[in-house]
Structures are given as C-alpha cells and as structure tokens.
Amino acid sequence: MSRQKKRFIAGATCPSCQAMDTIELYLENNVETIHCVQCHYKKQQPDDATQAATRQFEQVIGIFKPDA
Ligand SMILES: [Zn+2]
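*Asks:* Before we go on, may I ask you to explain the overall build of the protein chain in this structure?
*Replies:* A tally of regular secondary structure across the protein chain gives one helix and four strands. In the protein chain, the succession of α and β elements from N to C terminus is β-β-β-β-α. Among the 68 residues that make up the protein chain, the fraction classed as buried is 25%. Look at the contacts in the protein chain between residues 6 or more apart in sequence, and 17% of them connect residues 24 or more apart.

What follows is the structure, encoded as structure tokens:
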C-alpha cells in the first residue's frame, strides 16, 4: 500500500521544535520534503544543512541497497 518512501534523517534536528531524529524525508510531487513527526513541521526543498545530511544518508542507503 504505502509505497511512499519515507526515511528518517539521522542526526537532523527539527528547526521548529529542536527535536533530534524526528525528521523524515520523502518525495512529494518529486520535491524533497521534510516532516517532523513530533511537531508536524513541514518544509519542502530543505536548506543546505539538511540537504547535506540527506546526501550523506542517501550514500549510506546506496551501500545497502545498490540499484534497488
Ligand atoms: Zn519538530
């Protein structure tokens, strides 16, 4: 059913509630969207800091799921 890819961004801090590891990332209309599961803060096109963390995370995923 829910084939929507949602991943938590390790080490990311919510800009709104400052909670850590509550940020999930998913694609909404092909736009990277971050969402805090704690305060429901939501933002598209994450800023550079989040972007960098995301990239790092993607690489880790790539190791475990190459060409999935
Ligand atoms: Zn939050």
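*Asks:* What is the right way to look at the coordination of the zinc ion in this model?
*Replies:* Perfect tetrahedral coordination of a metal by four donors corresponds to 109.5 degrees between them, and perfect octahedral coordination by six donors corresponds to 90 or 180 degrees. The protein atoms donating to the zinc ion are Cys14 (SG), Cys17 (SG), Cys36 (SG) and Cys39 (SG), with metal-donor distances spanning 2.3 Å. Coordination at the zinc ion comes from four donor atoms whose angles at the metal span 107 to 112°, giving a geometry best classed as tetrahedral. Each donor residue of the zinc ion belongs to the same chain, with the gaps between them written as C-x2-C-x18-C-x2-C. Taken together, the residues Cys17 in the loop between strand S1 (6-8) and strand S2 (23-28) and Cys39 in the loop between strand S3 (31-36) and strand S4 (42-44) connect sequence positions 22 residues apart. The class of Cys17 is partly exposed, set by a relative accessible area of 27%.

*Asks:* I'm lost on the pairing of S3 in this one. Help?
*Replies:* Note on strand geometry: in a regular strand, side chains alternate between the two faces of the sheet. For S3, the tally of buried residues reaches five of six residues, placing the bulk of the element in the interior. Pairing between S2 and S3: six bridges, direction antiparallel. Within the sheet, the bridge partner assigned to Ile23 lies in S3 and is Cys36. With antiparallel pairing between neighbouring strands as the criterion, S2 and S3 make up a hairpin whose turn holds two residues, including Asn29 at a positive phi of roughly 55°. Here S3 hands over to S4 after five residues, with His40 in that stretch at a positive phi of 65°.

Each value, and the rule that gives it
- Residues numbered from 1 in each chain as written.
- Predicted model: local features only at pLDDT ≥ 70, side-chain atom pairs only at ≥ 80, totals over all residues.
- Heavy atoms only, no water.
- Helix = DSSP H or I, 4+ residues; strand = E, 2+ residues; numbered from the N terminus.
- Buried < 20%, exposed > 50% of the residue type's maximum accessible area, 1.4 Å probe, protein only.
- Contact = heavy atoms within 4.5 Å.
- Donors = N, O, S within 2.8 Å, 3.2 Å for Na, K, Ca; no water.
- Tetrahedral: all angles 85-135°; square planar, octahedral: opposite > 155°, others 65-115°.
- Pairing = 2+ DSSP bridges.

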